[in-house]
Amino acid sequence: MKPVIVPPVPGRIVPSRFVLVASLALLWGGMVHQAISASPLLEEGIARDLVAEARIRLEQDDAETAGFLLRRAYGIAPHQGDSLFLLAGILPRDRSHAVVRERLLRRAGNLSLDETDPALVVGDLAQLLIETGRPARARELLEEFHRQDRNGGALEAALALARAADSGIPRLPGSEDQGVEHSGLEEMTRLDYLFLQALLETEPFGASSALIQRFRSRYPRDRALAALDFRRSHRVGLGPLEWFEAALAEPPGSSREASLLAGAIASFLPRVPWGLQGEAGHLRYDLARWYYHLGGEDPLFAVPFLALPGGGWAENHTLSGQTIALVEEALQQGDKRLWEALSRTLRENTPEERFWDEGPFPLGEVFDTAWQNLSRERSARLVLQDKPRLTVEEYHFEEGRLVAWKRDRKGNGLFEEVLLFPGGHQGRAILFSRAGSRDQEVLAVHYSRYPLVSRVVRYDLVQGEEGQGALWRESPPAEEIRSRSSLLWVPAGPVPYDIELRLEEKEGFVRALPTRREEEPLSLWNGLVGRIRFSLGSDRFLRQLASDDARSLTAAQAREATAELRELGVIR
């Protein structure tokens, strides 16, 4: 009788011979560790084998098994950082995992590395710091690494590269005294690129502009460097157009080159005028088509050519079905950038319909359908992400009105600022702010009718303890409110506190928010195309909260507030 071969079930971990042997070794090692004491060399060997098997699993796109093996490896040898570095690479590169990834990378960098290049750990951590709005810290990290690795600071290395653009024979950093000529690389190394990116964001614009032009002349074919330059520019010049003409004339030799070229186009397109007639319209259309032809997947650049079809300027701008599908999927997922781009397109090309409170309809087939779906939904959430950063804003709607707004300035998965509008146009609002000088405090300002404040609370946060060694956890400890040091102040009568709350569109279109008139600025359309903006004074209410009129929270109030802030995403 032939043996029955059972196919693997999708999602089920099929153990290999190595995993079975490793499991037996782990069991035996655990028994020996409990009975007497396992040999450190044996533990290191087992952990090293588990990491090696995990690398194989990652090459096979089996992240689930790899993650299991890597966590076991760290539990056996918590002084080795290779497993933590690989774990950080498995996690999605989004804001909800940013804190965990940073913790993994920092800890991996502080531990011994067996088969992992320290430059990889430093590079991933520096990139994450830049993505979460901390270029100064990324610069310090790279400075220290270059100082240890090259016997000189990264600033000296960057300036040496910049000066090399003036010489006939460019040289590598540190090679001036050794007579070693440049290797002929057409692209910057990753760490040098990251350091330059951090340097440009921390130096005055004039000095950094001169520096990046030096690098552009040294690496004229570097597409990532070109994209970095285009993101910083505020105008369309002849230089970028000539660069694109040369770059697009030569087909990319690999998918990576195509992706980098698409990235350069994505960095340049926001600088192109939004008018769709004449040369500017043709330029935007041609670059957008190239972007999607090269594999670009951001639907933002297709929006201008889907608005009001048949309106003169849109008749000759057609897009593929695949590109239109990208837009439709992003609208279903609540990408707010698309609505803002639609509004700006209509404003630039049909200005007479600019001030319609409920939107300049019709919007075009794709957006008309999306609008009807949003209008029918009882609740909806739109997300505005500041790509390539991880910072986000969320806009929550119920029955066609904006009821909540949240902003994560750092991209670390927590909202530093939250606004609730429980009263709609009646002017009631609650502001939660964690954007002060102390990260372990949350200020809550309750408006009975904006801008009149009826209650102020300062919540004092405390974190749980960090584990050590094998007890260390990837996720940061949870936070809770400490009742005795948290203060509540209720004024005898409402006091004014105007934070200039407004709903603002680009090009100066502003509505006061919440309104003091009978109009409705919190409507669905205004919320789709406008952004919440305000100016918060961090020193307001310090005197009142420090006075005898303020009282501490009870334990029950602290527990209730902890649950509320955690549900809102303000604390962990």
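None of the values given here were measured: they were computed from a predicted structure. (Residues numbered from 1 in each chain as written. Predicted model: local features only at pLDDT ≥ 70, side-chain atom pairs only at ≥ 80, totals over all residues. Heavy atoms only, no water.)

Re the overall build of the protein
A count of helical and extended segments in the protein gives 20 helices and 13 strands. Here the protein, with 572 residues, has 48% of them falling under the buried criterion. Sequence separation of at least 24 residues holds for 60% of the intrachain contacts in the protein that already meet a minimum separation of 6. Approximately 29,400 Å² of the protein is accessible, and the part contributed by carbon and sulfur atoms is 52%. (Helix = DSSP H or I, 4+ residues; strand = E, 2+ residues; numbered from the N terminus. Buried < 20%, exposed > 50% of the residue type's maximum accessible area, 1.4 Å probe, protein only. Contact = heavy atoms within 4.5 Å. Areas by Shrake-Rupley, 256 points an atom, 1.4 Å probe, with all protein chains shown as cover.)

A short note on the nonpolar core
Core analysis: the biggest nonpolar cluster contains 76 residues, and Trp 339, Leu 342, Phe 367, Leu 528 and Ile 532 have the highest contact counts within it. Sort the elements by how many residues they give to this core and helix α13 (residues 255-268) lands first, with six residues. In terms of nonpolar packing, the next biggest core, distinct from the first, is built from 48 residues, Tyr 74, Leu 129, Leu 196 and Leu 228 among them. (Core = buried A, V, L, I, M, F, W, Y, C linked by side-chain atoms within 4.5 Å.)

Examining helix α5 (residues 98-110)
The end-to-end C-alpha separation of α5 is 18 Å, in line with the 18 Å expected for 13 residues at 1.5 Å each. Buried within α5 are the following residues: Ala 98, Val 99, Val 100, Arg 101, Glu 102, Arg 103, Leu 104, Leu 105, Arg 107 and Ala 108. Here the buried face of α5 lies against α3 (63-76), α4 (82-90) and α6 (118-131). (Expected span 1.5 Å × (residues − 1).)

Details of the pairing of strand β1 (residues 379-385)
Residues Ala 380, Leu 382 and Leu 384 of β1 are buried on one face, while the alternating residues Ser 379, Arg 381, Val 383 and Gln 385, pointing to the opposite face, are not. Strand direction decides the pairing type here: β1 and strand β2 (residues 392-398), joined by seven bridges, are antiparallel. Bridge pairing in β2 links Arg 381 to His 396. Connecting the antiparallel pair β1 and β2 is a turn made up of six residues. (Pairing = 2+ DSSP bridges.)

Points about the pattern of salt bridges
Per the stated rule, a full pass over the model turns up 26 salt bridges. In this structure, Asp 114 and Arg 48 form a salt bridge, with 2.6 Å as the shortest nitrogen-oxygen distance. Residue Asp 114 is found in the loop between α5 and α6, and its partner Arg 48 is found in helix α2 (residues 40-59); the two are separated by 66 residues along the sequence. The closest approach of N and O atoms between Arg 55 and Asp 82, which form a salt bridge, is 4.0 Å. Of the two residues, Arg 55 is situated in helix α2 and Asp 82 in helix α4; the sequence distance between them amounts to 27 residues. When salt bridges that share partners are traced, they join Glu 53, Arg 57 and Asp 62 into one network. (Salt bridge = Lys/Arg side-chain N within 4 Å of Asp/Glu carboxyl O.)

Description of unusual backbone geometry
At the junction of Tyr 450 and Pro 451, the peptide bond is cis and its omega measures out at 10° in the coordinates. For Pro 451, the location among the structural elements is in the loop between β6 (441-449) and β7 (452-463). Residue Asp 61 is not a glycine yet carries a positive backbone phi of 60°. Under the relative-accessibility criterion, Asp 61 is labelled exposed at 72%.

Here's the deal with the environment of Tyr 193
Along the chain, Tyr 193 falls in helix α9 (residues 190-202). A relative accessible area of 16% means that Tyr 193 is categorised as buried. With 22 residues separating them along the chain, Tyr 193 and Phe 215 place their C-alpha atoms 9.8 Å apart. With near-sequence residues (within four places) excluded, Tyr 193 lies in contact with Met 188, Ala 224, Leu 225, Leu 228 and Arg 231.

A word on α13
Look at α13: 20 Å from first C-alpha to last across 14 residues, which is about the 20 Å you get at 1.5 Å a residue. When we look at burial in α13, the residues that qualify are Ala 258, Leu 261, Ala 262, Ala 264, Ile 265, Ser 267 and Phe 268. Those residues of α13 hidden inside the fold are in contact with α11 (223-232), α12 (238-249) and α14 (278-293).

A closer look at the confidence of the model for the protein
Residue-level pLDDT values for the protein average 81, and 78% of them are 70 or greater. Helix α1 (residues 17-35) is the least confidently modelled element of the protein, averaging 45 in pLDDT, while α6 averages 95, the highest of any element. Of the regions scoring below 50 in pLDDT, residues 24-29 engages in seven contacts with residues more than four places distant in sequence or in other chains. Low confidence marks residues 515-519, where pLDDT is under 50. Its contacts with residues over four positions away, or in another chain, come to six contacts. (pLDDT = per-residue confidence, 0-100.)

Structural notes on the packing of aromatic side chains
On inspection of all chains with the given rule, the structure shows 16 aromatic pairs. Here Tyr 447 and Tyr 450 contribute two aromatic rings whose centre-to-centre distance is 5.0 Å and whose plane-to-plane angle is 50°, an arrangement assigned as tilted. Across this residue pair, the class does not change: Tyr 447 and Tyr 450 are buried. Taken together, the ring pairs in this structure connect Phe 230, Trp 243, Phe 244 and Phe 268 into an aromatic cluster. If you follow Lys 336 out to its NZ or CZ, it ends over the ring of Tyr 395, 4.5 Å from the centre. Here Arg 540 stacks its cationic end above the ring of Phe 541, 4.3 Å away from the centre of that ring. (Phe/Tyr/Trp six-rings, centres within 6.5 Å; stacked < 30°, edge-to-face > 60°. Lys NZ or Arg CZ within 6 Å of the ring centre and 35° of its normal.)

Things to note about the packing of α11 against α13
Between α11 and α13, the least distance of the axes is 8 Å, while the angle of their chain directions is 10°. Judged by the inter-axis angle, α11 sits roughly parallel to α13. Residues Arg 223, Ala 224, Ala 227, Phe 230 and Arg 231 of α11 pack against Glu 257, Leu 260, Leu 261, Gly 263, Ala 264, Ser 267 and Phe 268 of α13. In the contact of α11 with α13, the residues fall into seven nonpolar, two polar and three charged. (Axes fitted to C-alpha atoms, helices over the stretch in contact; angles between N-to-C directions. Parallel < 35°, antiparallel > 145°, perpendicular 65-115°, else oblique. Nonpolar A, V, L, I, M, F, W, Y, C, P; charged D, E, K, R; others polar.)

Quick look at the side chain of His 396
Relative to the helices and strands, His 396 is located in strand β2. According to the relative accessible area criterion, His 396 is buried, its value standing at 18%. Excluding anything up to four places from it in sequence, His 396 contacts Ala 380, Arg 381, Arg 401, Leu 402, Val 403, Ala 404 and Lys 406.

Considering the packing of α2 against α3
Here α2 crosses α3 at 165°, and the two axes come no closer than 8 Å. The pairing of α2 with α3 is recorded here as roughly antiparallel in orientation. As for how α2 packs across α3, the hand of that crossing is left-handed. Residues Glu 43, Ile 46, Ala 47, Leu 50, Val 51, Glu 53, Ala 54, Arg 57 and Leu 58 of α2 form the contact with α3, whose participating residues are Ala 63, Thr 65, Ala 66, Leu 69, Leu 70, Arg 72, Ala 73 and Ile 76. (Left-handed = near helix turned anticlockwise from the far one by under 90°.)

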